[in-house]
Amino acid sequence: MKEFIQFEPSMIAADWARMGEEAKSCFEAGAEILHLDVMDGLFVPNLTMGPALVKAIRKAVPKAILDVHLMIYNPDDYVEKFIEAGADEITFHLEATEEVEHVLNFIRVCGKKSGLAIRPETTETLLLKYLDIADKLLIMTVEPGFGGQAFMPEMLDKVKFLRDSATKLGIEIDIQVDGGIDYETGRLSIEAGANRLVTGTHFFKQKDRKEAVCKYNELRKLKK
Ligand code: DX5
Ligand code: ZN
């Protein structure tokens with residue numbers, strides 16, 4: 001596996017009244033990537049941030065990589081707005097649009113990293129045809145919509161299948177897991193072939209964020 005292992009705090013679990021300071025605190029603790037969950041109340045039963053908050057976070061941490069996870073229908077209507085707001089990576093759901101290929105291409109044409117996500121009930125084989133046109137695949141390890149849920153271990157088979165398929169085809173691609181990640185489920189995910197870990201509740205529960213970043217970075221030693 002050649003892909004670099006990286007983890008990213010999910011700002012959904014931060015103190016939203018102090019979002020700018022929270023973003024800075026994560027970045028200064030060593031988290032170079034921040035995960036921003038966008039929900040529309042339709043694709044998932046929850047509402048979160050829009051481009052205005054992404055823009056404010058961009059201002060607070062100009063050097064961080066902002067990984068925007070769109071849990072919204074018709075992502076094509078919003079990709080440009082999130083890029084203008086400062087997104088570096090945009091991931092949207094396979095289940096949310098009929099224009100998957102078009103949206104992936106558009107994100108790339110804009111010079112940003114493109115990601116394609118699936119909910120737990122979606123079959124991973126549907127992602128195979130996008131292996132060579134996406135920069136990242138996101139396997140949800142909880143039902144999208146809320147932080148603080150339990151990791152679904154049965155999702156690890158999907159990660160393994162997709163990593164094996166990519167390796168057989170000689171394709172280097174990021175495989176990300178999101179939901180219920182802690183040091184242990186992070187380790188299991190890396191062993192299955194994931195190289196990008198999103199961590200919300202567990203990360204923000206830690207008193208010492210620098211130490212938490214170091215502990216997550218130690219998982220890099222698992223890389224074969
Ligand atoms: C769920 C979100 C995740 C999640 C992460 O819809 O995409 O980013 O909230 O939070 P934890 O780590 O608490 O599951
Ligand atoms: Zn997310």
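Residues numbered from 1 in each chain as written. Chains lettered and ligands numbered in written order. Predicted model: local features only at pLDDT ≥ 70, side-chain atom pairs only at ≥ 80, totals over all residues. Heavy atoms only, no water.

Student: Please explain the sheet that holds strand S4 (residues 89–93) as it appears in this structure.
Tutor: The strands that make up a sheet pair up through hydrogen bonds in the backbone, lying either parallel or antiparallel. Reading across the sheet, the eight strands line up as S1-S8-S7-S6-S5-S4-S3-S2 and stay open at both edges, with parallel pairing between neighbours. Two strands bound the open sheet, and with one partner strand each, they are strand S1 (6–9) and strand S2 (33–39). Each adjacent strand pair in this sheet contributes to an overall mean axis angle of 20 degrees, direction not counted. Sheet analysis places S4 next to strand S5 (residues 113–118), joined by five bridges and oriented parallel. Bridge assignment links isoleucine 90 to a residue of S5, and that residue is serine 114. Sitting on the sheet, helix H2 (residues 51–60) touches S2 and strand S3 (65–71), and the angle it makes with S3 is about 165 degrees. Docked against the sheet, helix H5 (residues 156–168) engages S5, strand S6 (136–140) and strand S7 (174–178), running at close to 175 degrees with respect to S7. (Pairing = 2+ DSSP bridges. Helix = DSSP H or I, 4+ residues; strand = E, 2+ residues; numbered from the N terminus. Axes fitted to C-alpha atoms, helices over the stretch in contact; angles between N-to-C directions. Contact = heavy atoms within 4.5 Å.)

Student: Please clarify how the site of ligand 1 should be interpreted in this entry.
Tutor: Close contacts around ligand 1 come from 20 residues, with Asp37, Gly145, Gly148, Asp178 and Thr201 the closest. Measuring from an oxygen atom of ligand 1, one finds a side-chain N or O atom of aspartate 178 at 2.7 Å. For ligand 1, an oxygen atom lies 2.8 Å from a polar atom in the backbone of glycine 200. For ligand 1, whose free accessible area comes to 380 Å², the fraction covered by protein is 99%. (Near = heavy atom within 4 Å. Polar contact = N/O pair within 3.5 Å; in protein donor to acceptor, adjacent residues only side chain to side chain. Areas by Shrake-Rupley, 256 points an atom, 1.4 Å probe, with all protein chains shown as cover.)

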